[in-house]
There are 2 protein chains.
Amino acid sequence: MKQIAIMGYGVVGSGVAEVFAKNHESIVKKAGEELEIKYILERRDCTGDPNEAKIVRDFEQIVNDPAVSVVVEVMGGLHPAYDFVKACLEQGKSVVTSNKELVAQAGAELLELARAKNVNFFFEASVGGGIPIIRPLHSCLAANEITEIAGILNGTTNFILTKMAHEGAGFDETLRLAQQLGYAERDPTADIEGLDACRKICILASLAFGRHVYPDQVAVQGITGISREDVSLAAFAGYAVKLIGRVKKLESGRVMIAVSPALIEHESQLASINDVFNGILVRGDATGDVVFYGKGAGKLPTASAVVADVIDAVKAAGTVGSLYWTDQGREGYVEDPAKDETAFFLRLGGVSQEKALALFPGSRVLSASPEETALLTPVLEKGRVEELLQGIPTLSNICVLDY
Amino acid sequence: MKQIAIMGYGVVGSGVAEVFAKNHESIVKKAGEELEIKYILERRDCTGDPNEAKIVRDFEQIVNDPAVSVVVEVMGGLHPAYDFVKACLEQGKSVVTSNKELVAQAGAELLELARAKNVNFFFEASVGGGIPIIRPLHSCLAANEITEIAGILNGTTNFILTKMAHEGAGFDETLRLAQQLGYAERDPTADIEGLDACRKICILASLAFGRHVYPDQVAVQGITGISREDVSLAAFAGYAVKLIGRVKKLESGRVMIAVSPALIEHESQLASINDVFNGILVRGDATGDVVFYGKGAGKLPTASAVVADVIDAVKAAGTVGSLYWTDQGREGYVEDPAKDETAFFLRLGGVSQEKALALFPGSRVLSASPEETALLTPVLEKGRVEELLQGIPTLSNICVLDY
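Definitions and limits used
- Residues numbered from 1 in each chain as written.
- Chains lettered and ligands numbered in written order.
- Predicted model: local features only at pLDDT ≥ 70, side-chain atom pairs only at ≥ 80, totals over all residues.
- Heavy atoms only, no water.
- Helix = DSSP H or I, 4+ residues; strand = E, 2+ residues; numbered from the N terminus.
- Rg over C-alpha atoms; globule rule 2.2 N^0.38 Å.
- Buried < 20%, exposed > 50% of the residue type's maximum accessible area, 1.4 Å probe, protein only.
- Contact = heavy atoms within 4.5 Å.
- Areas by Shrake-Rupley, 256 points an atom, 1.4 Å probe, with all protein chains shown as cover.
- Lys, Arg positive; Asp, Glu negative; His and termini not counted.
- Charge placed at Lys NZ, Arg CZ, Asp CG, Glu CD.
- Least-squares fit on C-alpha atoms with pLDDT ≥ 70 in both.
- Pairing = 2+ DSSP bridges.
- Salt bridge = Lys/Arg side-chain N within 4 Å of Asp/Glu carboxyl O.
- Polar contact = N/O pair within 3.5 Å; in protein donor to acceptor, adjacent residues only side chain to side chain.
- Nonpolar A, V, L, I, M, F, W, Y, C, P; charged D, E, K, R; others polar.
- Phe/Tyr/Trp six-rings, centres within 6.5 Å; stacked < 30°, edge-to-face > 60°.
- Lys NZ or Arg CZ within 6 Å of the ring centre and 35° of its normal.
- Axes fitted to C-alpha atoms, helices over the stretch in contact; angles between N-to-C directions.
- Parallel < 35°, antiparallel > 145°, perpendicular 65-115°, else oblique.
- Left-handed = near helix turned anticlockwise from the far one by under 90°.
- Patch = residues over 30% accessible without salt bridge, like charges linked within 9 Å, V, L, I, M, F, W, Y side chains within 5 Å.
- Arc of directions from axis to C-beta.

Draft legend 1. Highlighting the overall build of chain A. The number of helices and strands found in chain A is 14 helices and 17 strands. The globule rule puts the C-alpha radius of gyration for 403 residues at 22 Å, and the 23 Å found for chain A is close to it. Taking the principal axes of its C-alpha atoms as reference, chain A extends roughly 75 × 45 × 35 Å. Taking all 403 residues of chain A together, the buried fraction comes to 59%. A separation of at least 24 residues holds for 72% of the contacts in chain A among residues at least 6 apart in sequence. For chain A, the exposed surface amounts to about 15400 Å²; the carbon and sulfur share of it is 48%. Charged side chains in chain A number 38 positive and 53 negative. The centres of these two groups are separated by 3 Å.

See below:
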């Protein structure tokens, strides 16, 4: 019998307790032994909660109880989550987390500590919610050289962009709708500015290529600048606008990593991932493109990913998995984003079609009027495009990706 | 250092050797020790092949060599593959196979034998080629009760149905095109009659619900009866026609399992899986729908799945995984297909709209002429629909699924 502690009893934490209770029999069968939730760390008053007897307010009670072998961290945020997780690993407890901020910021350090203590640090739920991606990326695709990953990693922004495309609505009103429906938080900054997607692509990049990439190393652009006109012009040209997190291994050994809005052809499998769904495309030298698709967030999907990790931590007790990467420093690993080569969707204000084509020869003109010219350029270096656009009123500048 | 034997040196077998050679360094790193292909079993003359020195013609050489710890079976067919795999497991060698016929027919028996011998029997490549599905289904979704699986499991038929929809072409000419392009075999029976998809849904059903389902227990219908008119009428009504393998756990404890053409709404994620791609939807009580999408066949995708299994077999040496199901007999487990409840797409010859609606009240009429009436019925029992259709010239009778 293994005893477990849950730190955090919000949406995900209560979901974890619920999945444990509901699917207890099959969970025990899969883990190979009895499992019990011994403690739930939560400061709020939980009087009347079915798990009231398990609630503790003092972390020390968990970390100092040798009977607890697996700790679930679903508090979110960096502190005190980081400190608690570190202390648990140091005490030889395996840790399972859904906290993308924690993994993106301290994954390499915590993985190394876990290995030193011969325990496991698992985080399937930190990317893609209920979509299995961390383990397939690591294990099932082990015989591939992964060359590229690109994903719709944030459900809130995907909901907004989908609604803008389907309803012809603007960004601000759609954001308000998303907030009313509970798909966007009251402070939506982390979602709409791309920070959430950035943390997730950092985790995927670190795992796929074995070297930690920190969020502040990534060029990030959110969707607040996307207008109704961008979305409808893109649709007219055969593209959907999506917020894409992507990383590509370059021949130099460096990685090109970015989060930004992008035009994706309607035929692409990523373009048909709509609403709050997430989709992650993994490009391997042998498998070609494999796409994982599902609900990227939500109480029960995320909780089920956490519980699956708990089962694996129980089964792996005493052995350390090879799910691992290291911090090899920041220098010289992330390529200058100005060197990124893609096509671009540009809307230039007060620029004639002739002048636009003179600036960007070989472009496809989508619309031209005295007010603006919209065009799709050939593949160019991002830095070069920005040079050419100096002094030109640029209404939109969005990369075009070919996934 | 672990030594490996490959049985079969056709498309997949040569792909396995190629992936091993190409990604050797990272494979060894992931496996945690050196790996070497010692033998390749092949009867054809392989003079001049880069692996010529490893070719052997006698299976006994492999099974009797204690240095070989993992055997890859990529010969296909039931015999001698079954006999060889059984002999290898009995000698305490782990076996990795891509042979869906073998797993669908003898999975329970071979898994039990492997367990008794404390070795592993892995078969990720048997379903979905390079798409990771067996392991995610087993491991990452461990905390879910899986309720349903539905998939486009055969690339050949999906290519044909996609072409028929996009080009407005008939079945026979599209099959010939598929053969010319190498997407269909000269004898395409196993693909177009649904047998290949049947084997794959049997494997998924056995794994998901823990009890072996044999191919001959499954109601199977291929795509040879699908006409150009079916496809275009379905498209007009908002549906794609796909060959779907599906299994659902019923409250009775039985399973409803079938392979048949089906109408799928254009908005469904399965509907946008086109050409030779495969897609598998797994419905869990906690995760909701998760879809896995990618190339379902092909030399390198399949080979990479095989090699990933080899790595796992090496890492798991001495322990037996919980990827397992048993043969609990055939009686009373597979539900009578006549009890399947879905909506139906019907084209009735020489039946007026009035008579069609009298037979199937509440239906949506798609077209009506003196020659035929086409309609979408409400949800009905399949057996009841067949009763009602007795004596009525039925041009088409295709189920409508809501994935």
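Draft legend 2. Here's a closer look at the relation of the copies chain A and chain B. Its rotation angle being 180°, the transformation that places chain A on chain B also includes 0.0 Å of axial translation and leaves an RMSD of 0.0 Å. What the rotation and shift describe, once combined, is the action of a two-fold rotation axis. Among all residues of chain A, the minimum C-alpha distance to the rotation axis is found for Phe292 of chain A, at 2.5 Å. A shared interface surface links the copies, since 100% of the contact residues of chain A are contact residues in chain B too.

Draft legend 3. Unusual backbone geometry, seen in detail. Here the bond from His79 of chain A into Pro80 of chain A is cis, since omega is 10°, no more than 30 degrees from zero. Considering the arrangement of structural elements, one finds Pro80 of chain A in the loop between β4 (68–73) and α4 (81–90). Look at Asn118 of chain B: it is not a glycine, yet its phi comes out positive at around 60°. Within the fold, Asn118 of chain B resides in the loop between α5 (100–116) and β6 (121–122).

Draft legend 4. How the structure looks around the sheet that holds strand β4 (residues 68–73) of chain B. Residues and elements named next belong to chain B. Within the open sheet, the six strands sit side by side as β3-β2-β1-β4-β5-β6. Their pairing is parallel. If you trace the sheet from one side to the other, it starts and ends with β3 (55–56) and β6, each paired once. Pairing geometry for strand β5 (residues 94–97) and β6, over two bridges, is parallel. Pairing of Val96 across the sheet is with Phe122, part of β6.

Draft legend 5. Spatial organisation of the interface of chain A and chain B. Facing the 42 residues of chain A at the interface are 42 residues of chain B. Along the contact surface separating chain A from chain B lie two salt bridges. Applying the counting rule to chain A against chain B returns 10 residue pairs in polar contact (both at pLDDT 80 or more). By residue number, the principal contributor to the side of chain A that touches chain B is helix α12 (residues 299–315) of chain A, which donates eight residues. For the side of chain A that touches chain B, the residue count by class is 20 nonpolar, 12 polar and 10 charged. Across five bridges, strand β12 (residues 288–295) of chain A lies against strand β12 (residues 288–295) of chain B in antiparallel orientation. Within β12 of chain B, the residue paired with Tyr293 of chain A across the bridge is Val291 of chain B.

Draft legend 6. The arrangement of the packing of aromatic side chains in detail. Evaluation of the coordinates by the stated rule reveals 11 aromatic pairs over all chains. Relative to Tyr293 of chain A, the ring of Phe277 of chain A has its centre 5.2 Å away and its plane inclined at 10°; by these criteria the two rings are stacked. A residue pair is termed long-range when its members are at least 10 positions apart, and Phe277 of chain A in strand β11 (residues 277–284) and Tyr293 of chain A in strand β12 qualify at 16 residues. The residue whose ring lies beneath Arg115 of chain B is Tyr324 of chain B, and the NZ or CZ to ring-centre distance is 3.5 Å. The positively charged end of Arg135 of chain B is found above the aromatic ring belonging to Phe122 of chain B, 5.0 Å away from the centroid.

Draft legend 7. View of the sheet that holds strand β6 (residues 121–122) of chain A. Residue and element names in this part refer to chain A. Strand order in the open sheet formed by six strands is β3-β2-β1-β4-β5-β6, with parallel pairing between adjacent strands. The open sheet has two free edges, formed respectively by β3 (55–56) and β6, since each of these has just one partner strand. Of the strands in this sheet, β1 (2–7) and β2 (35–41) touch helix α1 (residues 11–22), which is tilted by about 155° from β1.

Draft legend 8. Main features of the side chain of Glu73 of chain A. With respect to the helices and strands, Glu73 of chain A occurs in strand β4. Only 3.3 Å separates the side chain of Glu73 of chain A from the side chain of Asn99 of chain A, close enough to count as a polar contact.

Draft legend 9. Up close: the packing of α4 of chain A against helix α5 (residues 100–116) of chain A. Residue and element names in this part refer to chain A. Where α4 meets α5, the axes come as close as 10 Å, and the angle between the chain directions of the two elements is 15°. One finds that α4 runs roughly parallel with respect to α5. Taken as a pair, α4 and α5 cross one another with a handedness that is right-handed. Across from Tyr82, Val85, Lys86, Leu89 and Glu90 in α4, the residues of α5 making contact are Leu102, Ala106, Glu109, Leu110, Leu113 and Ala114.

Draft legend 10. Representation of a nonpolar patch on the surface. Together, Leu177, Leu181 and Tyr183 of chain A give the surface a local cluster of nonpolar side chains, amounting to about 250 Å² of exposed area. As for its placement among the helices and strands, Leu177 of chain A is situated in helix α8 (residues 171–180).

Draft legend 11. Expanded view of the packing of α1 of chain A against α12 of chain A. All names here are of chain A. Between α1 and α12, the shortest axis-to-axis distance is 8 Å and the interhelical angle comes to 65°. Note on packing geometry: the crossing formed by α1 with α12 is right-handed. Contact with α1, carried on its side by Val11, Val12, Ser14, Gly15, Val16, Glu18, Val19 and Phe20, involves Lys299, Leu300, Thr302, Ala303, Ser304, Val306, Val307 and Val310 of α12 and no other residues of that element. Partitioning the contact of α1 with α12 into residue classes produces 10 nonpolar, four polar and two charged.

Draft legend 12. Just helix α8 (residues 171–180) of chain B, in detail. All names here are of chain B. Those residues of α8 that sit buried are Phe171, Thr174, Leu175 and Ala178. Burial along α8 is one-sided: seen end-on, the buried residues are contained in an arc of 105°. Residues of α8 that are exposed and angled more than 90 degrees away from the buried face: Asp172 and Gln180. Looking at the buried positions of α8, the neighbouring elements they touch are α7 (155–167) and α9 (189–192). Of the residues one or two after α8, Gly182 is the one with positive phi, at around 85°.

Draft legend 13. Main features of the pairing of strand β13 (residues 341–349) of chain B. Residue and element names in this part refer to chain B. Counting buried positions over the nine residues of β13 gives eight, a clear majority of the element. Pairing of β13 with strand β16 (residues 380–381) involves two bridges; the strand directions are antiparallel. Residue Glu341 lies in a different strand from β16, and its bridge partner there is Glu381. Looking at chain direction, β13 and strand β17 (residues 394–401) are connected through six bridges and run antiparallel. Bridge pairing links Ala343 to Val400 in β17.

Draft legend 14. How the structure looks around helix α11 (residues 228–236) of chain A. Along α11 of chain A, the residues that are buried comprise Asp230, Val231, Leu233 and Ala234 of chain A. With its phi angle positive at about 100°, Gly238 of chain A sits one or two positions after the end of α11 of chain A.

Draft legend 15. Seen up close, the environment of Ala271 of chain B. All names here are of chain B. Looking at where Ala271 falls in the secondary structure, it is placed in the loop between β10 (255–265) and β11 (277–284). Sequence separation between Ala271 and Ile152 is 119 residues; the distance between their C-alpha atoms is 9.3 Å. With residues near it in sequence (within four places) discarded, Ala271 still touches Ala240, Lys242, Ile264, Glu265 and His266.

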